[in-house]
Each structure stands twice: as C-alpha cells, then as structure tokens.
Amino acid sequence: MDNDRILDVQGGVNFRELGGYATVDGHTVKWHKLLRTAGLANLTPSDLQRLTDYGVKTDVDFRSRDEQKQAPDKVPAGVTYQFTPVFPADDETDASASQVQLEERFSADNQAGYRHMLNVYEQMVTLPSAQQAYHNFLAELLKNDGDSQSVLFHCTAGKDRTGLAAFFVLSALGVDPQTIRHDYLMTNQTSAKHINETTTAAAARGETAAFVTNIRALYTVNNDYFDTAMRLINTQYGGTLDYLHDVLGLSRGDLQTLKQLYLD
C-alpha cells in the first residue's frame, strides 16, 4: 500500500499519516501506525473498508460528550473505540458550535476568536481532563504492538486537541521540533477548501467582517496558538520531556517502548 501523507478519504477531513517523519537521531516514524484526523461521522462504506485494509485497530476520540452524541463515530468492525474527552463538558474549541452560538459570541470584536483560541491552548496543557486524556492516548499507543496496525486519533476538526496529541507523540519519539510544527500547521493546507467555503458563506449571508475574521481564527491553526502551549509547557512544567514524564506519566521505559514500536 502506498505511503501518503494526506489520505484520500471521501467522508473524512484532514486525514493524515504521521509516518515518514525523521527523528533527530536518524530514525524514521513507521508508516501505517499513526493516523490523525477530524470527525468520523460522515465516513462512507468504502472509507470504512479502506481503514480496515489500512490496519486501523484503535480509534481514540478526544471530543466532548455532546460532540460524540451529535456526530457519533463510524468505525470499522473490530476497531477498539476509546472515548477520552480533553474538555470536561463542552467543546471549548467551538469546532462543533452552532451558527447561532457563534454569532452571539463572535460578531463584534474581531480579535475575540484569536483570544479564545489562545485560551483553549492554555487549557489543553493545564486542565486535569486534558492531561488525563493525553495520558490515556499514550497508554493506547503503548498497546499497539502489531506490525502495520494503526492507532487513529481525532477530535471534531482534527487540529487543536488532535494537534496537541500529535505534538506529544512525535516529541516522545524524538522528531525534530520544526517538523512537528510543520505537521501542526498542515491543517491550514488540508482544510483550506472547507475554511474558505465557510468564511465565504458567512460573508454572503451578511455576517459582520468581525465575525468572518473570527471564524477564520477558530477554524485555522496558528503559530501563536502552538507557541502558547509550548510556552506553558516550558515555563510551568520544565519542558516537553518533563511534561511527558511528570504530567502524562510516561516513564523512561515507556519512551523506549514507544520508540521500539513506532520507529524504523
């Protein structure tokens, strides 16, 4: 099977492979082991068969309970479903918010969306529910010991909660930080069509310029968002490796096991 960074999944958005990334010590992340994506509610029967053929064995869902109820995952038969919400109640990223909810909050101040996302990234580092979710995610990765068996992980848009999860696993594997950042920012490429359609439609129905600006801030990723999380990890927790160990519970042995499982 071909090794593609961006997967062509008919009912999926932002469907990406983490294989092929180089580590700082000369190894490479194995293909067909780690998949990141947005929601799975619209997958077609052919998509489900493709995921089966691809080797997906586990689906880790970072969404809230409300998001899960609104758009339940479609997963292939035999896939283990793990629900581990990053936020304790609602979707703080607003990826699943209704048009009315968005209009109430983001129609006036054109910086409201940007500031909101900075706060979201702070919460994803500091909230106990987020820390537990990412601990659970890494625990699932440690169980994935079969060749060409994939763990798929996602939220609603596949960019913030999922982006931080990708950051944690790629950091644990020793991937170069600039490569990790590039992977994070790739959402703006893979979701560009959806983002542009959404903002164009908002402008066409007469939404304010501030609203359109805020929708783009909510639906994209941004170096500033990423840096907010990194700054907290570095200043409050001593750096990424300390965060992985002290907060997410990865032992030195766990790190070695992850590298054995996921690196060539």
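Anything mentioned here points back to the structure above.
Residues numbered from 1 in each chain as written. Predicted model: local features only at pLDDT ≥ 70, side-chain atom pairs only at ≥ 80, totals over all residues. Heavy atoms only, no water.

Chemist: Before we go on, may I ask you to explain the overall build of the protein chain in this structure?
Modeler: Regarding its fold elements, the protein chain presents 13 helices and five strands. Compactness check: the protein chain gives a C-alpha radius of gyration of 18 Å against a globular reference of 18 Å for 264 residues, within 12% of the reference. In the protein chain, which comprises 264 residues, the share counted as buried stands at 50%. Relative to all contacts within the protein chain whose residues are 6 or more apart in sequence, the contacts with residues 24 or more apart total 74%. In the structure as shown, the protein chain presents an accessible area of about 11,500 Å², 48% of it carried by carbon and sulfur atoms. (Helix = DSSP H or I, 4+ residues; strand = E, 2+ residues; numbered from the N terminus. Rg over C-alpha atoms; globule rule 2.2 N^0.38 Å. Buried < 20%, exposed > 50% of the residue type's maximum accessible area, 1.4 Å probe, protein only. Contact = heavy atoms within 4.5 Å. Areas by Shrake-Rupley, 256 points an atom, 1.4 Å probe, with all protein chains shown as cover.)

Chemist: Honestly, unusual backbone geometry in this entry has me stumped. Any pointers?
Modeler: Generally, phi is negative for residues other than glycine and the peptide bonds are trans, each holding for most cases. In the Ramachandran plot, asparagine 14 falls in the positive-phi region, its phi being about 60 degrees despite a non-glycine side chain. Positive phi is not limited to glycine here, since serine 148 has a value of about 55 degrees. The exposure class assigned to serine 148 is partly exposed, which follows from its relative accessible area of 45%.

Chemist: Help me out: how do you make sense of helix α12 (residues 240-247) in this one?
Modeler: Residues spaced three or four apart along an α-helix face the same direction, because each turn holds 3.6 residues. Those residues of α12 lying buried are Thr240, Tyr243 and Leu244. Viewed end-on, α12 has its buried residues packed into an arc of 100 degrees, placing them on one side of the element. Relative to its buried face, α12 has exposed residues pointing more than 90 degrees away, namely Leu241 and Asp246. Elements in contact with the buried residues of α12: α4 (112-126), α5 (128-143), α6 (161-173) and α11 (223-237). Backbone geometry just after α12 places glycine 249 at a positive phi near 80 degrees. (Arc of directions from axis to C-beta.)

Chemist: Is there a simple way to think about the pairing of strand β3 (residues 56-61) in this case?
Modeler: Most of β3 sits inside the fold, with five of its six residues counted as buried. Pairing between β3 and strand β5 (residues 150-154): five bridges, direction parallel. In the strand pairing of β5, aspartate 61 is matched with histidine 154. For the segment spanning β3, helix α2 (residues 65-70) and strand β4 (residues 80-83), crossover handedness is right-handed. (Pairing = 2+ DSSP bridges. Right-handed = clockwise from strand over helix to strand, strands pointing away.)

Chemist: In this structure, what is going on with the nonpolar core? I would like to understand it.
Modeler: Buried together is how nonpolar side chains tend to be arranged in soluble globular proteins. Grouped together as the largest cluster of nonpolar side chains are 63 residues, with contacts concentrated most on Phe62 and Tyr134. Examining the composition of this core, we find that nine residues originate from one element, α6, more than from any other. Setting aside residues no more than four positions away along its own chain, tyrosine 134 makes contact with Phe62, Val86, Met124, Asp160, Arg161, Leu164, Ala165, Phe168 and Leu248. (Core = buried A, V, L, I, M, F, W, Y, C linked by side-chain atoms within 4.5 Å.)

Chemist: Explanation requested: α5 in the structure shown.
Modeler: With 16 residues, α5 extends 23 Å between its outermost C-alpha atoms, agreeing within 8% with the 22 Å of an ideal straight helix rising 1.5 Å per residue. Every buried residue of α5 is accounted for by Ala130, Gln131, Ala133, Tyr134, Phe137, Leu138, Glu140 and Leu141. (Expected span 1.5 Å × (residues − 1).)

Chemist: So what exactly am I meant to see when it comes to the side chain of aspartate 47 here?
Modeler: Take aspartate 47: it is sitting in helix α1 (residues 45-54). Arginine 50 provides the closest opposite charge to the buried, salt-bridge-free aspartate 47, at an N-O distance of 6.9 Å. A polar side-chain atom of aspartate 47 sits 2.9 Å from the main-chain amide nitrogen of glutamine 10. When residues no more than four places from it in sequence are discounted, the contact partners of aspartate 47 are Val9, Gln10, Gly11, Gly12 and Asn42. (Lys, Arg positive; Asp, Glu negative; His and termini not counted. Salt bridge = Lys/Arg side-chain N within 4 Å of Asp/Glu carboxyl O. Polar contact = N/O pair within 3.5 Å; in protein donor to acceptor, adjacent residues only side chain to side chain.)

Chemist: Please explain the packing of α4 against α5 as it appears in this structure.
Modeler: Between two packed helices, what matters for the description is the angle formed by their axes and the separation of those axes. The interhelical angle for the contact between α4 and α5, taken along N-to-C directions, is 65 degrees, at an axis separation of 5 Å. Judged by residue contacts, Gln123, Met124, Val125 and Thr126 of α4 engage Pro128, Ala130, Gln131 and Tyr134 from α5. Tallied by class, the residues present in the contact of α4 with α5 amount to five nonpolar, three polar and no charged. (Axes fitted to C-alpha atoms, helices over the stretch in contact; angles between N-to-C directions. Nonpolar A, V, L, I, M, F, W, Y, C, P; charged D, E, K, R; others polar.)

Chemist: Help me understand the sheet that holds β4, please; the structure alone is not making it clear to me.
Modeler: Strand pairing in a sheet relies on backbone hydrogen bonds, with the paired strands running either antiparallel or parallel. The sheet built from five strands is open, its strands ordered β1-β2-β5-β3-β4 with mixed pairing. This sheet does not close on itself; its edge strands, each paired only once, are β1 (16-17) and β4.

Remember, this is a structural readout, not a statement about activity or role.
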